[in-house]
Every structure is written in C-alpha cells, then in structure tokens.
Amino acid sequence: MLNRLVCVSIACALFLSCTSIFSYCMPYCVTKKSIVAESKSGVCNFCYAEIQIVNNSEKAIREFEICFSIFDSSENPIGTFTNAVRAKCAKKISPRAEEKIFVCLDDFLECASGDCKLDFVYIAKIVYEDNSVWTDEAGIYVS
C-alpha cells in the first residue's frame, strides 16, 4: 500500500511540474474576451468580439488565426450556422506587448444581446515576422 501511495505521489508531482512547464511555454495569453453588441466602423455592422492578447514570445507576431465559441447566458451554444468561430487576423503584436483585436460576428449571429459570451478561446496558428510558425490546431492552450 505504501508503494502505491509513493507511486501516485510521484506521478502527481511529475504531472504538476509538466503542467507548469507546459503553461510557461505558451506563446500568448488572452487577458480579456467579450462580445460587444454594437456597430464598429471598419469592423462590423452590429456585433463583434473584442479580445485582448499578450504576445509572450521574444518574436513579433505578424498574423494569427484565433478560434473561439459563442454561448448565451445559459451556456447554450448560439450562432446562425455554428457557434465555432475561426478568424484570421493580420495584426502585428510586438514581443511582450498586449494588443486588442476585433472579430466581426455579423455572419455568425443574427442578433446579439449583452449576455452573449466567448469561451474556449485559443490561437490555432501564429506566423512571426521571421516567418517561423507556431500551431495549436487542437486548442491545447484554450482559455
């Protein structure tokens, strides 16, 4: 019984240390996410997502693809055809800098109220200015 307890303790310690190392390697961080139900000049006619991202890497981001899901206040998926959004953003984010991005949701929501929310936000692909690419197609770094 003592051997089993020792093995479980070691496994837990290894898992927790791997998790913290895994989190440390994350090249970005989402610090804010919301849906705004109003028009924004040059972005959309009536509804958009506002997402704030920190570039945790030492390289400047040239462009990226962001993914997220849209839900109502009762945690039910909402959307015209799907609640899953994937958008390409050609926005430069300097190393260690924080930027706000806007994603038009006009094609995903027929109408939006203030109680809609974003969840499962992650960046699927980052292209850096040196043309190197980082990918997370499975959404392992979801926030």
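Quick caveat, the model's predicted, so the values are computed rather than measured.

Enquirer: Explain the sheet that holds strand β3 (residues 61-71) here, please?
Expert: Within a sheet, neighbouring strands are paired by backbone hydrogen bonds and run either parallel or antiparallel to one another. Read across the sheet, 4 strands follow the order β4-β3-β6-β7 without closing on themselves; strand pairing throughout is antiparallel. The open sheet is flanked by β4 (84-89) and β7 (133-135), the only strands paired with a single partner. Pairwise comparison of adjacent strand axes, ignoring direction, gives a mean angle of 20° for this sheet. In this structure, β3 lies alongside strand β6 (residues 117-128), joined through 9 bridges in antiparallel fashion.

Enquirer: Explain the nonpolar core to me, please; I cannot follow it from the model alone.
Expert: It is characteristic of soluble globular proteins that their nonpolar side chains tend to be buried jointly. Formed by 32 residues in total, the largest nonpolar core has its most connected members in Tyr-28, Ile-51, Ile-53, Phe-64, Ile-66, Phe-68 and Leu-105. Sorting the residues of this core by element identifies β1 (28-36), β2 (48-55), β3, β4, β5 (98-104) and β6 as the ones contributing at least two each. For this core, the element with the most residues is β6, which contributes 7 residues. The residues touching Phe-68, leaving out its near neighbours within four places in the chain, are Ala-49, Ile-51, Asn-83, Ala-84, Val-85, Val-103, Leu-105, Leu-118, Asp-119, Phe-120 and Val-121.

Enquirer: Before we go on, may I ask you to explain the sheet that holds β2 in this structure?
Expert: Read across the open sheet, the 3 strands follow the order β1-β2-β5; overall the sheet is antiparallel. Both outer strands of the open sheet, β1 and β5, are each paired with one neighbouring strand and no more. Averaged over all pairs of adjacent strands, the angle between strand axes in this sheet comes to 20°, irrespective of strand direction. By the bridge criterion, 7 bridges tie β2 to β5 in an arrangement that is antiparallel. Each residue of the ladder has a partner; that of Ile-53, found in β5, is Glu-99.

Enquirer: In this structure, what is going on with the environment of Lys-92? I would like to understand it.
Expert: Mapped onto the elements of the fold, Lys-92 is located in the loop between β4 and β5. For Lys-92, a relative accessible area of 46% puts it in the partly exposed group. Residues in contact with Lys-92, not counting those within four places in the same chain, are Ala-60, Ile-61, Arg-62, Glu-99 and Glu-129.

Enquirer: How do you make sense of the pattern of salt bridges when you look at a structure like this?
Expert: Side-chain pairing between opposite charges can occur once the charged atoms of the two side chains come close. This model, assessed by the stated rule, comprises 11 salt bridges. Here Lys-32 and Glu-50 are joined by a salt bridge, their closest N and O atoms 2.9 Å apart. Residue Lys-32 is located in strand β1, and its partner Glu-50 is located in strand β2; the two are separated by 18 residues in the primary sequence. Judged by its relative accessible area of 36%, Lys-32 is partly exposed. Residue Glu-58 is joined to Arg-96 by a salt bridge in which the shortest nitrogen-to-oxygen separation is 2.6 Å. A residue pair is termed long-range when its members are at least 10 positions apart, and Glu-58 in the loop between β2 and β3 and Arg-96 in the loop between β4 and β5 qualify at 38 residues.

Criteria and cut-off values
Residues numbered from 1 in each chain as written. Predicted model: local features only at pLDDT ≥ 70, side-chain atom pairs only at ≥ 80, totals over all residues. Heavy atoms only, no water. Pairing = 2+ DSSP bridges. Helix = DSSP H or I, 4+ residues; strand = E, 2+ residues; numbered from the N terminus. Axes fitted to C-alpha atoms, helices over the stretch in contact; angles between N-to-C directions. Core = buried A, V, L, I, M, F, W, Y, C linked by side-chain atoms within 4.5 Å. Buried < 20%, exposed > 50% of the residue type's maximum accessible area, 1.4 Å probe, protein only. Contact = heavy atoms within 4.5 Å. Salt bridge = Lys/Arg side-chain N within 4 Å of Asp/Glu carboxyl O.

These figures capture arrangement, not role.
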